[in-house]
Amino acid sequence: MADADEKVPFSRTLRRFVRTYRFLLSVILLAVGIFLVVLTVGNFTPLSSWGPFPSVNNATDQSPSGGPNYNLLFVVVGPIVVLVGAYLVGAYYIARSKFEHLMVTKSKAEFLRNLPDLEDLLWDLTPADEQRYIEKKAELRIRR
């Protein structure tokens with residue numbers, strides 16, 4: 001029996017945090033990517049002389065004083081982060097819609113037919129959804 005004083009490893013705590021807040025982290029990643037793309041567009045287009053972009057470009061492009069030009073990094077990293085963030089947000093929405101459909105079904109046959117897919121979907125969802133899945137299996141009297 002585990003003691004209450006036993007320390008949980010950091011890796012397990014981190015995995016649980018990431019699974020619990022997966023959607024929020026995906027949206028934040030997508031927003032950061034969009035922000036980097038906006039900074040890129042603001043530097044390499046005629047918008048560079050309009051609005052807040054001149055002061056931002058002065059802070060991110062330090063090449064006149066011999067420093068690095070971070071705008072070139074934004075050109076590469078921004079679109080990649082947008083694609084990864086969009087994929088994670090889209091995967092979460094698709095998994096959520098499939099999961100919700102299977103959770104409201106009253107058909108034991110449909111639930112059993114989609115059981116392997118449902119277990120794969122749980123990797124993209126939260127621990128609370130995993131608990132709902134266990135309760136649904138108990139409700140339909142499925143032993144697996």
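Structure report, in brief. Because the structure is a prediction, the values reported are computed rather than measured.

1. Looking at the pattern of salt bridges
Step number 1: A complete count under the given rule lists seven salt bridges for this structure.
Step number 2: Note that E100 is salt-bridged to R96, the shortest N-O span being 3.0 Å. Placement of the pair is E100 and R96 together in helix α4 (residues 70-104), with a separation of four residues, close to one helical turn.
Step number 3: Judged by relative accessible area, E100 falls into the partly exposed class, the value being 26%.
Step number 4: A salt bridge links D129 to R132; its shortest N-O distance comes to 3.7 Å. Remark: R132 and D129 occur in helix α7 (residues 127-139); sequence separation between them is three residues, near one turn of the helix.

2. Details of the environment of P52
Step number 1: Along the chain, the position of P52 falls in the loop between α2 (22-44) and α3 (53-60).
Step number 2: Residues P52 and G42, 10 residues apart in the sequence, show an inter-C-alpha distance of 8.9 Å.

3. With respect to the environment of N71
Step number 1: Structurally, the position occupied by N71 is in helix α4.
Step number 2: In this structure, the C-alpha to C-alpha distance between N71 and D61, residues 10 residues apart in sequence, is 6.3 Å.
Step number 3: At a separation of 2.8 Å, a polar atom in the side chain of N71 contacts the side chain of T60.

4. Describing the packing of α2 against α3
Step number 1: Close contact between α2 and α3 brings their axes to 10 Å; oriented N to C, the two are set at 100°. Relative to α3, the element α2 lies roughly perpendicular. Here V38, L39, G42 and N43 of α2 come into contact with α3, specifically with F53, V56 and N57.
Step number 2: Taken together, the residues that form the contact of α2 with α3 break down as four nonpolar, three polar and no charged.

5. Describing the environment of L118
Step number 1: Mapped onto the elements of the fold, L118 is located in helix α6 (residues 115-121).
Step number 2: Classification of L118 by relative accessible area gives buried; the value is 0%.
Step number 3: C-alpha separation for the pair L118 and S55, spaced 63 residues apart in sequence, amounts to 50 Å.
Step number 4: Among residues more than four places away in sequence, those in contact with L118 are F99, L102, M103, F111 and Y133.

6. Regarding the packing of aromatic side chains
Step number 1: By the definition in use, this model includes four aromatic pairs.
Step number 2: Arranged with centres 5.0 Å apart and planes meeting at 50°, the rings of F17 and Y21 form a pair that is tilted.
Step number 3: F17 sits in the partly exposed class, given a relative accessible area of 43%.
Step number 4: Y21 gets classed as partly exposed once you look at its relative accessible area, which sits at 40%.
Step number 5: In textbook terms, an aromatic cluster arises when at least three aromatic residues are bridged by ring pairs, as seen for F23, Y92 and Y93.

The rules we used
- Residues numbered from 1 in each chain as written.
- Predicted model: local features only at pLDDT ≥ 70, side-chain atom pairs only at ≥ 80, totals over all residues.
- Heavy atoms only, no water.
- Salt bridge = Lys/Arg side-chain N within 4 Å of Asp/Glu carboxyl O.
- Helix = DSSP H or I, 4+ residues; strand = E, 2+ residues; numbered from the N terminus.
- Buried < 20%, exposed > 50% of the residue type's maximum accessible area, 1.4 Å probe, protein only.
- Polar contact = N/O pair within 3.5 Å; in protein donor to acceptor, adjacent residues only side chain to side chain.
- Axes fitted to C-alpha atoms, helices over the stretch in contact; angles between N-to-C directions.
- Parallel < 35°, antiparallel > 145°, perpendicular 65-115°, else oblique.
- Contact = heavy atoms within 4.5 Å.
- Nonpolar A, V, L, I, M, F, W, Y, C, P; charged D, E, K, R; others polar.
- Phe/Tyr/Trp six-rings, centres within 6.5 Å; stacked < 30°, edge-to-face > 60°.

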